[in-house]
Amino acid sequence: MSIPFSGTLRRSGGIVSAIGKQLKSVNLKGVKRITVQFDPFAENVKATREFLFLLSTPKVSQSNPKCIVKPDIVCDRSPAFIKFSLIDSAQEQAKVKEIRFNSDNLNTLELLQLLNKHVSTLAPPEEIVKKVLTKAEKQKLGSGAGGKKAIKKK
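All of the points below concern the structure found in this document. In this text the structure is predicted, and so the values were computed from the model without any measurement.

Conventions we followed
Residues numbered from 1 in each chain as written. Predicted model: local features only at pLDDT ≥ 70, side-chain atom pairs only at ≥ 80, totals over all residues. Heavy atoms only, no water. Helix = DSSP H or I, 4+ residues; strand = E, 2+ residues; numbered from the N terminus. Rg over C-alpha atoms; globule rule 2.2 N^0.38 Å. Buried < 20%, exposed > 50% of the residue type's maximum accessible area, 1.4 Å probe, protein only. Contact = heavy atoms within 4.5 Å. Areas by Shrake-Rupley, 256 points an atom, 1.4 Å probe, with all protein chains shown as cover. Lys, Arg positive; Asp, Glu negative; His and termini not counted. Charge placed at Lys NZ, Arg CZ, Asp CG, Glu CD. Arc of directions from axis to C-beta. Salt bridge = Lys/Arg side-chain N within 4 Å of Asp/Glu carboxyl O. Polar contact = N/O pair within 3.5 Å; in protein donor to acceptor, adjacent residues only side chain to side chain.

1. Examining the overall build of the chain
Counting secondary structure elements, the chain contains 6 helices and 4 strands. Listed by position from the N terminus, the elements making up the chain come as α-β-α-α-β-β-α-β-α-α. A globule of 154 residues ought to have a C-alpha radius of gyration of about 15 Å, yet the chain, at 25 Å, is considerably larger. Along the first, second and third principal axes, the C-alpha atoms of the chain reach 95 × 65 × 30 Å. For the chain, buried positions account for 30% of its 154 residues. Summarising the internal contacts of the chain: among those between residues at least 6 apart in sequence, 72% fall at separations of at least 24. Here the chain displays about 11,900 Å² of accessible surface, and carbon together with sulfur accounts for 57% of that area. Positive and negative side-chain charges of the chain, numbering 28 and 13 respectively, have mean locations separated by a distance of 20 Å.

This is the structure we're talking about:
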């Protein structure tokens, strides 16, 4: 009698691939301003600094170019936190003006998961923009109909 197989066929990609996966789904369209405050001499500040770095990557910042990321570096032994100020439509949806994460005992992956769970879901839906066609594209779609054609007479 054999033991049935249980488990995965391959190993997970690890923490780096999990962070990459979470970064792909970050959407800051519902956020007006992000304030990251930390004490650089505190013990548990590495994850907050890494999160601040990840917020400034081009792909994340392109999700909302108007969003302001402001780091506040203090030296008063206060716990680290991240504050998201929401836009008006997101405030109405969430019924709060801002979302605050106390990031003192969280790692980078947990911060990204919380961001996707609580902030990215508040992004307003994409508006479908109708593409304006050029003359050449219209002719290709209409297979040349409407264009001038010279008729040869003999």
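Still to come is the rest of the account.
2. Considering helix H2 (residues 46-55)
Looking only at H2, the buried set comprises Ala47, Thr48, Phe51, Leu52, Leu54 and Leu55. Summarising the axial view, the buried residues of H2 lie within an arc of 160 degrees, below the 170-degree limit, and thus occupy one face. What points out from H2, more than 90 degrees from its buried face, is the exposed set Lys46 and Phe53.

3. Regarding the pattern of salt bridges
Side chains that carry opposite charge are capable of pairing whenever their charged atoms lie near each other. Inspection of every chain in the model, using the stated rule, returns 2 salt bridges. The partner of Asp39 in a salt bridge is Arg77, and the shortest N-O contact between them spans 3.9 Å. Of this pair, Asp39 sits in the loop between strand S1 (31-38) and H2 while Arg77 is found in the loop between strand S2 (68-73) and strand S3 (81-86), placing the two residues 38 residues apart along the sequence. Residue Asp39 is classed as buried on the basis of its relative accessible area of 2%. As a salt-bridge pair, Asp72 and Lys70 come within 2.6 Å of each other at their nearest N and O atoms. Take Asp72: its relative accessible area is 21%, and that puts it in the partly exposed class. Lys70 gets classed as partly exposed once you look at its relative accessible area, which sits at 33%.

4. A few points about the side chain of Asn64
Relative to the helices and strands, Asn64 is located in the loop between helix H3 (58-62) and S2. Polar side-chain contacts of Asn64 include one of 2.8 Å to the backbone oxygen of Val31. Every residue in contact with Asn64, bar those within four places of it in the chain, is listed here: Leu28, Lys29 and Val31.

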